[in-house]
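# Geometric and topological summary
Take a look at the letters that make up each chain.
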Amino acid sequence: MSRKVAFYTFGCKVNQYETEKLKYLAIKEGWDVVSFNDEPDLFFINSCAVTHVAERKARRLINYIKKHYKNAKIALAGCYPEKIKLSPEELKVDFLLDNKQKWEFFGGNEDSVFLISEDRARAILKIQDGCNQFCSYCIVPYLRGRERSKSLDYVIKEVKELVARGHKEIVLTGIRLGAYGHDLGDKNALVKLLTKIFEIEGLYKVRLSSLEPMDITEELISIASHPKLCKHWHIPLQSGSDEILKKMNRKYDTKYFSYIVDKLRERVPNIAIATDIIVGYPEETDEHFEETLEFAKKIKFMKIHVFPFSPRPFTPAGKLAPLSPKIIEERKRKLLNLSNLLWEEYVSSFLGKELEVMVEEKENDVFRGTTDNYIKVEFKGPFYLKEGDYVKVILEDIDKEKSKVYAKLVKDELKIG
Ligand code: SF4
């Protein structure tokens, strides 16, 4: 009788990519991959430890499974068990598997299966792992190890395979994506890789998951206007105060950040620039936070992902006295309000304009998808449109309360290739 396993993923795109691969490794080993409703024999949680909130969510899920599926076993895998020295009993699970053991559990390693990504219109492809940066607040280098990249030839082979399987959009990801190839002795490897990827016939768009400011070079900016490269760059700022950036061991200042954004906008005038900002870093004063607000307004981010500071083990910032939760909450609220205003401003500038959208969801005649510059839109269309199709829409209206954007279909089929 076959064994049934259900997967659950927390955290970043790298984790999502790895879960996809783990599923295929499990299938290869004779497991049936099922949903939570199909009475699995095993729940496999691919976890995240980047904040204490991510860990709490994993513990809540474990409690939920324990309560509702009395006979099932639970494997907690990935970054949470990587360095947190707790026993399976303490975490109420049957198996604790670090980032190496999670592959071994299914009898292989990361390279045992070629990437197959079936359930997404766009495929995520990890090209790099690890980080040497050691930002003062970040546990990731302790969990994911040193930087290492796949070879250019191997990535090209993977992209071609994904395109042959019908994916028209690929999201390149890594723990520090912009450091792709640095470990192979090539600081310009990402540009070389992208240039090769652009030549692949049948691939319509390439998206970059996130790039650290210090990894954005003049060469990279010079290819930003390529029609196959999505006009949405996620560049983590973390703080708009130079003093705090220094304490965070970030290797740039606000002047440099402004410089790269200006250069990108010279190349691609309407480019969407999104970011991550940490609020309540232990030494962040009201003045530092005000600087961050002002800087975010000046840059006009399309979206700000706000992260309340979370003290992490092993990190220098984790040893500092934390700010009061009330202060952190208040700063989070202010920054999220600003993010909403900036999002409205950015999206409003496209009302009445034509944009390309990839269809991601369908509900009767209502379709949802994301534009090249990461505006999520809803529109009506004909029954034959399907997930992964590219269409052209005109943005018509914004519902600010629900952060929804409505559009009208103008062309229901785009020539891809
Ligand atoms: S660049 Fe900094 S924040 Fe990003 S993974 Fe590396 S250490 Fe963490």
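Fair warning: this is a prediction, and the values are worked out from it, not measured in the lab. (Residues numbered from 1 in each chain as written. Predicted model: local features only at pLDDT ≥ 70, side-chain atom pairs only at ≥ 80, totals over all residues.)

## Considering the overall build of the protein
What counts, and what does not: A run of H or I in DSSP counts as a helix once it spans at least four residues, and a run of E counts as a strand once it spans at least two, with each numbered from the N terminus. Within these notes, the globule rule equals 2.2 Å times the number of residues to the 0.38 power, and the radius of gyration is based on C-alpha atoms. Labels follow a simple rule on C-beta atoms placed from the backbone: if 20 or more others lie within 10 Å of a residue's own, it is buried; if 12 or fewer, it is exposed; otherwise it is partly exposed. It is the C-beta atoms, placed from the backbone, that decide contacts: two residues are in contact if theirs lie within 7 Å.
A tally of helices and strands in the protein yields twelve helices and 17 strands. Taking 2.2 N^0.38 as the reference for a compact globule, 417 residues should give roughly 22 Å; the C-alpha atoms of the protein span a radius of gyration of 22 Å, in line with that estimate. Considered along the principal axes of its C-alpha atoms, the protein spans approximately 55 × 55 × 45 Å. Expressed as a percentage of its 417 residues, the buried residues of the protein come to 41%. For the protein, contacts bridging at least 24 residues in sequence account for 73% of all contacts bridging at least 6.

## Section: the packing of helix H6 (residues 152–164) against helix H7 (residues 189–198)
Note the cut-off: Geometry is summarised by axes, namely lines fitted to C-alpha atoms with helices restricted to the contacting stretch, and by angles between N-to-C directions that run from 0 to 180 degrees. Take the far helix as the reference: if the near one is turned anticlockwise from it by less than a right angle, the crossing is left-handed, and if turned clockwise, right-handed. Charged means Asp, Glu, Lys or Arg here, nonpolar means Ala, Val, Leu, Ile, Met, Phe, Trp, Tyr, Cys or Pro, and polar covers whatever is left, Gly included.
One can describe the packing of H6 onto H7 by two numbers: an axis separation of 10 Å at closest approach and a directional angle of 35 degrees. Here H6 runs over H7; the crossing is right-handed. Contacts from Leu-152, Val-155, Ile-156 and Val-159 of H6 reach H7 at Ala-189, Lys-192, Leu-193, Lys-196 and Ile-197. Grouping the constituent residues of the contact of H6 with H7 by class yields seven nonpolar, no polar and two charged.

## Notes on the sheet that holds strand S12 (residues 303–308)
Note the following rule: By definition, two strands form a pair when at least two bridges between them are found by DSSP.
The three strands lie next to each other as S10-S11-S12, forming an open sheet whose pairing is parallel. If you trace the sheet from one side to the other, it starts and ends with strand S10 (232–234) and S12, each paired once. Averaged over all adjacent pairs, the angle separating strand axes in this sheet is 15 degrees, with direction ignored. With three bridges connecting them, S10 and strand S11 (residues 272–279) associate as parallel partners. The residue of S11 that forms the bridge with Trp-233 is Ile-273. Sitting on the sheet, helix H12 (residues 325–348) is in contact with S11 and S12, with an inclination near 170 degrees to S12.

## Observations regarding the site of the ligand
Rule in force here: To decide nearness, the C-beta atom of each residue is placed from the backbone, and the residue is near a molecule or strand if that atom lies within 6 Å of it.
The environment of the ligand is made up of Cys-131, Gln-133, Phe-134, Cys-135, Cys-138, Val-140, Pro-141, Ile-175, Arg-176 and Glu-212. A per-class count over the shell around the ligand returns seven nonpolar, one polar and two charged.

## Here's the deal with the sheet that holds strand S7 (residues 148–149)
Backbone-to-backbone hydrogen bonds pair the strands of a sheet. The strands run either parallel or antiparallel. Taken together, the four strands give an open sheet; going across it, the order is S7-S6-S8-S9, and neighbouring strands pair in mixed fashion. This sheet does not close on itself; its edge strands, each paired only once, are S7 and strand S9 (205–208). Lying over the sheet, helix H1 (residues 13–28) contacts strand S6 (122–129) and strand S8 (169–174), oriented at roughly 110 degrees with respect to S6.

## A few points about helix H11 (residues 286–299)
The condition that has to hold: Expected span, for any helix, means 1.5 Å times one less than how many residues it has. Of all possible arcs, the one meant is that of the directions from the helix axis to the C-beta atoms.
The terminal C-alpha atoms of H11 lie 20 Å apart, and with 14 residues this matches the ideal 20 Å at 1.5 Å per residue to within 8%. Buried residues of H11: Phe-289, Thr-292 and Ile-299, and no others. Along the axis of H11, the buried residues cluster in a sector spanning 90 degrees; they form a single face. The exposed set on the far side of H11, more than 90 degrees from its buried face, consists of Asp-286, Glu-287 and Lys-298. The positive-phi residue at the C-terminal boundary of H11 is Lys-300, with phi of around 60 degrees.

## Digging into the pairing of S6
Counting buried residues along S6, eight of its eight residues qualify, which places the element largely inside the surrounding structure. By the bridge criterion, six bridges tie S6 to S8 in an arrangement that is parallel. Its bridge partner lying in S8, Gln-128 is registered against Gly-174. Two strands pair when backbone bridges link them, and S6 and S7 are joined in this way by two bridges, in the antiparallel orientation. Bridge pairing links Gln-128 to Ser-149 in S7.

## Considerations on the nonpolar core
Going by this rule: Any set of buried Ala, Val, Leu, Ile, Met, Phe, Trp, Tyr and Cys residues joined through C-beta atoms within 7 Å is what this text calls a nonpolar core.
One finds Leu-76, Leu-125, Ile-170 and Ile-273 to be the most contacted residues of the largest nonpolar core, which totals 109 residues. Ranked by residues supplied to this core, first place goes to S11 with six residues. Not counting chain neighbours up to four residues away, the residues in contact with Ile-170 comprise Arg-122, Ala-123, Leu-125, Val-159, Leu-162, Leu-203 and Val-206.

## Some points on the domain arrangement of the protein
Inclusion rule: Domains are outlined according to an automatic or database domain assignment.
Domain annotation for the protein reports domain 1 (3–110), domain 2 (115–348) and domain 3 (354–411). With 18 residues of domain 2 in contact, the opposing surface of domain 3 contributes 13 residues. Sort the elements by how many residues they give to the side of domain 2 that touches domain 3 and H12 lands first, with three residues. Partitioned by chemical class, the residues of the side of domain 2 that touches domain 3 number eight nonpolar, four polar and six charged.

## Quick word on the environment of His-167
Along the chain, His-167 turns up in the loop between H6 and S8. The class for His-167 is buried, based on 23 C-beta atoms found within 10 Å. Expressed as a C-alpha distance, the spacing of His-167 and Lys-205, which sit 38 residues apart in the sequence, is 9.7 Å.

## Topic: unusual backbone geometry
Of note in this structure, Phe-134 is not a glycine but carries a positive phi near 55 degrees. By secondary structure assignment, the location of Phe-134 is in the loop between S6 and helix H5 (140–144). Although it is not a glycine, Tyr-374 sits at a positive phi angle of roughly 65 degrees. Assignment of secondary structure puts Tyr-374 in the loop between strand S14 (366–371) and strand S15 (376–380).

## Points about the pairing of strand S3 (residues 42–47)
Of all six residues in S3, five are buried, a share of seventy percent or more. Both S3 and strand S4 (residues 73–78) contribute to a ladder of six bridges, which runs parallel. In the strand pairing of S4, Ile-45 is matched with Leu-76.

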